[in-house]
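One letter stands for each residue in the lines below.
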Amino acid sequence: MLSENEAKILFFLKDLKRTNSIEISTKIGIPESSVLSLIELLREKGYVKTEIISEKYYVLTEEGRKRKESGLPEDILINSLNGQEKDLNEIKNTLDEDFNIAISWAKRKGLIEIKEGKVIPKVKTYTSPEYLALSNLEKADINTINLLKKRGLIEEKERKIVNVELVKEPKESEIGISNLTREMIVSGEWKKYKFRKYNVEAFPPYYTISKKHYFREFLEKVKDIMISLGFKEINTGYIEMEFYNFDLLFQPQDHPAREIHDSFSVEGLGNIEDKELLSNVKEIHEKFWKYEWKQDITLRLMLRSQTTATTARVLASRPKAPQKVFTLGKVFRPDAIDATHLIEFHQLDGVIIDDNFTFRELLGVLKEIFYRLGIKEIKFKPAYFPFTEPSVEAYGYLEKLGWVEMCGAGLLRPEILSSVRIDSIAGAWGIGIERLAMSFLNISDIRLLYSNNIEYIRDMKVKIE
Ligand SMILES: N[C@@H](Cc1ccccc1)C(=O)O
C-alpha cells in the first residue's frame, strides 16, 4: 500500500520518469528531509531506483551579504573618484575601515596608481565581476567563485541530492488513504482507493502542562502549616540595617558574625526614626557588653544574614501580647558553594509573645511544627545565641540522614524586651528551610533545589502528609 505522499511522488514521476529530491521537494511542496525518507520507502517497495550524489553549493557569508547591499570597497573607491586624483589621507577618512581593502584590490586589479601620496585612477567607473556574482552565484564562473571564496564573501556547502528513476508504475488502487472526504463519497471516487488501518494503539502527543516549581510548592506548604497553627505571616526586605539584624538582637558590634567576611554589606546608611529605641539599645549594649556602642555602625546596610531581623522589626513595632508571628524568606551569607552550602538560602523565623509564655511551651510549639512537617522524632540540646536565654538547638530524625540540626530557639533575653518595652515573655526560633526541603524532596545536593534541568524540574514531586 502507498501512502498519500508516496503516491504524490510516484504520480509526479510518472510523466518525468526521472528527477531528483530537490525538484520533488520544491514542486510538490514537501520538506526536503521528508522527501528523502519517502524516496527511501519507495525504493524499498521497488517503485524507484535511486542514486545518491553530493553537490557543492555556495552561500553568502555575513560580509558577503553586506557587500551585496553596499558594493565592494574598490568599486566604491573608483566610482567616488570619478576619474579625478585624490589625496590618500582624504580617501582614508571617507573609506574608514574599508580603506586598506579598497586600495589593495584596486592596485592589484590595476585600477589605480599611487604617486606621492595621491591616488590616480585609471578608469572612470568600475563594477567588479565579483560584485555582480554576489547576486547570481549559480551563474558565476569558477574563477570568480574562487575569488569570492578567497575574499571570505561566500562559503562552500555540500548537500545530498538523490536522483530518482521510476521503475514500476503506481496504480491508483494501491493508494491507501487515511482521509475520506465528502467529495470522495459523493463522486464515488473512494472506491478506487484502499483505506489505511486506523492505529488505535498509537500514543497521543505528549503535552507538558505548567506547574509550580517543587521548591516553591514546598515553601508554600510550610507557610500553610504555620498559618494553620494560628501564626500571622510578616515579610520585610532583604536589605537591612545592622540595627535590626544585630544590635536590637543584643549582638555586640564586635561580634564575629559581624566581621566583613561573614555577611554581605551594602553601600549606604539607613535611618531610624525611633530615637528612644536607639538610645535604649545603646544603653543596654554599653551596660552589659561594656564597650562604646556606635550609631554609624548600627545604621550600616547589609543583606540580612538571618530572618531574626524580621522578628526584631516585629519587636520594634512594640506589639501588644499575645502575638504569634512568622516570616519565611531568604537570607545571605558569604560561603563556598557546595553540596550543603549556598550563599543565599531560606529561614523561617517565628516569635510568640504572651504574658505567661514558658520555655516548655516553646519546645511544644516547635515539636508541633516539625510533626506537621512529617518529622515525628525531635530532640533538643542546650545551645547559645546572643539573643535568647535559655537557648536550644532542635534536631530532627530523618530516615536517610539520621539526626539533623533543624533550628535554633530560645526565650528572648530580657535586655531585648526591655529595650522595646514589652513586659511579656517571648519565645523565638529560626529554622533552616533548605535542609528540610532536601529531606522531603529526597535530594542530597542542595544545589538541586535551584537546578535548571527542565526534565528534572518537571518530574520532581512534593508530598507532605
Ligand atoms: N537566627 C539564628 C536562629 C535563631 C533564631 C531565633 C532564636 C534563636 C535562634 C540562626 O540563624 O542561627
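Residues numbered from 1 in each chain as written. Predicted model: local features only at pLDDT ≥ 70, side-chain atom pairs only at ≥ 80, totals over all residues. Heavy atoms only, no water.

- Going by what an unreviewed UniProt entry lists, the protein is known as Phenylalanine--tRNA ligase alpha subunit and is assigned to Saccharolobus shibatae.
- Comment text from UniProt for the protein, heading Sequence similarities (unreviewed entry), reads "Belongs to the class-II aminoacyl-tRNA synthetase family. Phe-tRNA synthetase alpha subunit type 2 subfamily." (UniProt positions renumbered as here; feature names shortened; annotations may be inferred.)

Side note on the domain arrangement of the protein
Part 1 of the argument: When its domains are assigned, the protein resolves into domain 1 (4-56 + 156-195), domain 2 (62-150) and domain 3 (214-459).
Part 2 of the argument: For domain 1 versus domain 2, the separation of C-alpha centres amounts to 49 Å. (Domains from an automatic or database assignment.)

Digging into the UniProt feature "binding site: L-phenylalanine" (unreviewed entry) in the protein
Part 1 of the argument: Under the local residue numbering, the UniProt record ascribes the feature "binding site: L-phenylalanine" (unreviewed entry) to Thr-308, Gln-347, Leu-348, Asp-349 and Phe-387.
Part 2 of the argument: Examined against the element boundaries, Leu-348 turns out to sit in strand E14 (residues 344-354).
Part 3 of the argument: With residues up to four places along the chain from it excluded, the contact list for Leu-348 reads Val-222, Met-226, Thr-307, Phe-326, Thr-327, Leu-328, Trp-429, Gly-430, Ile-431 and Ile-433.
Part 4 of the argument: Taking relative accessible area as the criterion, Phe-387 reaches 9% and is therefore assigned buried.
Part 5 of the argument: Discounting chain neighbours no more than four positions away, the residues touching Phe-387 are Leu-249, Gln-251, Gln-306, Thr-308, Leu-411, Leu-412, Arg-413 and Ile-416. (Helix = DSSP H or I, 4+ residues; strand = E, 2+ residues; numbered from the N terminus. Contact = heavy atoms within 4.5 Å. Buried < 20%, exposed > 50% of the residue type's maximum accessible area, 1.4 Å probe, protein only.)

Some remarks on the sheet that holds strand E10 (residues 239-241)
Part 1 of the argument: With respect to topology, three strands assemble into an open sheet ordered E10-E12-E11, the strand pairing being antiparallel. Each having just a single partner strand, E10 and strand E11 (265-269) make up the two edges of the open sheet. Each strand axis lies, on average, 35° off the axis of its neighbour in the sheet, ignoring direction.
Part 2 of the argument: Note: E10 against strand E12 (residues 300-303), three bridges, orientation antiparallel. Residue pairing for E12: Met-241 is matched across the bridge by Leu-301. (Pairing = 2+ DSSP bridges. Axes fitted to C-alpha atoms, helices over the stretch in contact; angles between N-to-C directions.)

Some details on the sheet that holds strand E3 (residues 86-87)
Part 1 of the argument: If you walk across this open sheet you meet the three strands as E3-E5-E4, and the pairing is antiparallel. Sheet topology places E3 and strand E4 (112-115) at the edges, where each strand pairs with a single neighbour.
Part 2 of the argument: When E4 meets strand E5 (residues 118-121), the two strands line up antiparallel, connected through four bridges. Each bridged residue has a counterpart across the sheet, and for Glu-113 the counterpart in E5 is Ile-120.

What to know about the pattern of salt bridges
Part 1 of the argument: Applying the stated criterion across every chain, the model contains 31 salt bridges.
Part 2 of the argument: The shortest N-O distance in the salt bridge between Lys-17 and Glu-169 comes to 3.4 Å. Residue Lys-17 is located in the loop between helix H1 (4-16) and strand E1 (18-20), and its partner Glu-169 is located in the loop between strand E6 (154-166) and strand E7 (176-177); the two are separated by 152 residues in the primary sequence.
Part 3 of the argument: The partly exposed category is assigned to Lys-17, whose relative accessible area is 40%.
Part 4 of the argument: Residues Arg-67 and Asp-98 are paired through a salt bridge, measuring 3.0 Å at the closest nitrogen-oxygen approach. Of this pair, Arg-67 sits in helix H4 (residues 62-70) while Asp-98 sits in the loop between helix H6 (88-95) and helix H7 (99-108); the two residues are 31 residues apart in sequence, bridging distant segments of the chain.
Part 5 of the argument: Beyond isolated ion pairs, a larger network of salt bridges with shared partners links Glu-74, Lys-109, Glu-130 and Arg-151. (Salt bridge = Lys/Arg side-chain N within 4 Å of Asp/Glu carboxyl O.)

Quick word on the site of the ligand
Part 1 of the argument: Around the ligand, the surrounding shell holds 13 residues, and the nearest of these are Gln-306, Thr-308, Arg-333, Gln-347 and Gly-430.
Part 2 of the argument: Within the contact set of the ligand, a nitrogen atom lies 2.8 Å away from a side-chain nitrogen or oxygen of Gln-306.
Part 3 of the argument: A distance of 3.0 Å is found between an oxygen atom of the ligand and a side-chain nitrogen or oxygen belonging to Gln-347.
Part 4 of the argument: Broken down by secondary-structure element, the contributors of at least two residues to the shell around the ligand are E14, strand E17 (402-412) and strand E18 (425-432).
Part 5 of the argument: The greatest single-element share of the shell around the ligand, amounting to three residues, is contributed by E18.
Part 6 of the argument: Residue composition of the shell around the ligand, by class: five nonpolar, six polar and two charged. (Near = heavy atom within 4 Å. Polar contact = N/O pair within 3.5 Å; in protein donor to acceptor, adjacent residues only side chain to side chain. Nonpolar A, V, L, I, M, F, W, Y, C, P; charged D, E, K, R; others polar.)

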